[in-house]
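# A structural walkthrough
The residues making up each chain are set out below.
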Amino acid sequence: MKNIVILISGSGSNMAAIAQAARRDDWAGRHGARVAAVLSNRPQAAGLALARDLDLPTQVVDHQQHADREAFDAALARAIDAHQPWLVVLAGFMRILTPGFVQRYAGRLVNIHPSLLPAFPGLHTHRRAIEAGCRVHGATVHQVTAELDHGPILDQAVVPVLPGDTEASLADRVLTQEHLLYPRAIEALLRRKD
Ligand code: GAR
């Protein structure tokens, strides 16, 4: 079985979109794949309840309970490895990972970022896209490498920036597309590596 482990920090809507696509599109039957677990670095992440509602195993590895980044990443890796992951999926996971962690999962660690990379790595991407006068914006699924929000692009979704858009309205439009983009990008990986 190809185990997919999803890491979240917040609302978990991308995690839910992936888990629902996995069931709806029978990833188990067609690709021998399943979402094996949802891990959060924040005990209060709303996505944990969403994952439990979807009958997914959850676990918290609280970054505040660890002395430094290395100790946290080591504990996180232990929790991930307990599920023998084929793929580790960052879905709104808001922690910078150490190079050692990234290296450990090289080639099987993916992220979604709310911009058309290489434009706007980092935070506040929607506000920055509006301020820059972009006519289009979007989201990117990419392989994770040691450099933040870089790494080979797997797929992208483009949305228009409309006159009068606010940061919130643009974020909503992008997030709706993220929920289609992320499952599609993961299924493409499953197909490629079947
Ligand atoms: C998503 O928009 C995702 O692209 C972004 O956080 C949101 C998480 O929403 N990720 C990043 O900014 C990573 N740098 P979700 O928890 O509802 O999936």
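Placed above this text is the structure.
Report on the accompanying structure.

Calculation notes
- Residues numbered from 1 in each chain as written.
- Predicted model: local features only at pLDDT ≥ 70, side-chain atom pairs only at ≥ 80, totals over all residues.
- Heavy atoms only, no water.
- Helix = DSSP H or I, 4+ residues; strand = E, 2+ residues; numbered from the N terminus.
- Expected span 1.5 Å × (residues − 1).
- Bend = angle between axes of the 7 residues up to and from the residue.
- Buried < 20%, exposed > 50% of the residue type's maximum accessible area, 1.4 Å probe, protein only.
- Near = heavy atom within 4 Å.
- Polar contact = N/O pair within 3.5 Å; in protein donor to acceptor, adjacent residues only side chain to side chain.
- Areas by Shrake-Rupley, 256 points an atom, 1.4 Å probe, with all protein chains shown as cover.
- Nonpolar A, V, L, I, M, F, W, Y, C, P; charged D, E, K, R; others polar.
- Pairing = 2+ DSSP bridges.
- Axes fitted to C-alpha atoms, helices over the stretch in contact; angles between N-to-C directions.
- Right-handed = clockwise from strand over helix to strand, strands pointing away.
- Phe/Tyr/Trp six-rings, centres within 6.5 Å; stacked < 30°, edge-to-face > 60°.
- Lys NZ or Arg CZ within 6 Å of the ring centre and 35° of its normal.

## Points about helix H7 (residues 167-192)
For H7, with 26 residues, the first-to-last C-alpha span of 36 Å sits near the 38 Å given by 1.5 Å per residue. A bend of about 30° at glutamate 178 is the largest found in H7. Listed as buried for H7 are Leu170, Val174, Glu178, Leu181, Tyr182, Pro183, Ala185, Ile186, Glu187, Leu189 and Leu190.

## Comments concerning the site of the ligand
Every residue lining the ligand is accounted for by Ser11, Gly12, Ser13, Asn14, Gly92, Met94, Ile112, His113, Pro114, Leu175 and Glu178. Here an oxygen atom of the ligand sits 2.9 Å away from a polar atom, N or O, in the main chain of asparagine 14. Here glutamate 178 contributes a side-chain N or O atom positioned 2.7 Å from an oxygen atom of the ligand. Isolated, the ligand exposes 450 Å² of accessible area, and the fraction of that covered by the protein chains is 84%. Elements that contribute at least two residues to the shell around the ligand include exactly helix H1 (13-24), strand S5 (109-113) and H7. Taken together, the residues of the shell around the ligand break down into 4 nonpolar, 6 polar and 1 charged.

## Remarks on the sheet that holds strand S6 (residues 136-143)
A sheet is described by the order of its strands in space; here 7 strands give the open sequence S3-S2-S1-S4-S5-S6-S7, paired in mixed fashion. Two strands close off the open sheet at either side, each with one partner strand: strand S3 (58-60) and strand S7 (153-160). Between one strand axis and the next, the sheet turns by 20° as a mean value, whatever way the strands run. As paired strands, S6 and S7 are joined by 7 bridges and run antiparallel to one another.

## Brief notes about the pairing of strand S4 (residues 85-90)
Within a regular beta strand, the side chains point alternately toward one face of the sheet and then the other, so they alternate between its two faces. Among the 6 residues that make up S4, 6 are buried, leaving the element largely enclosed by the rest of the structure. Sheet topology places strand S1 (residues 2-8) next to S4; 5 bridges connect them, and they run parallel. Opposite isoleucine 6, over in S4, you have valine 89 as the bridge partner. With 3 bridges connecting them, S4 and S5 associate as parallel partners. By the bridge assignment for S5, leucine 90 is matched with asparagine 111. In this region the chain leaves S4, passes through helix H5 (residues 99-104) and returns to the parallel neighbour S5; the handedness of that crossover is right-handed.

## Some details on the packing of aromatic side chains
Within a pair of aromatic rings, the relevant descriptors are the distance that separates the centres and the angle that separates the planes. Throughout the structure, instances matching the rule amount to 1 aromatic pair. The ring of phenylalanine 72 has arginine 95 lying over it, and the distance from NZ or CZ to the ring centre is 5.2 Å.

## Digging into the environment of aspartate 172
Relative to the assigned elements, aspartate 172 resides in helix H7. Remark: the alpha-carbon pair of aspartate 172 and histidine 126, spanning 46 residues in sequence, is separated by 9.9 Å.

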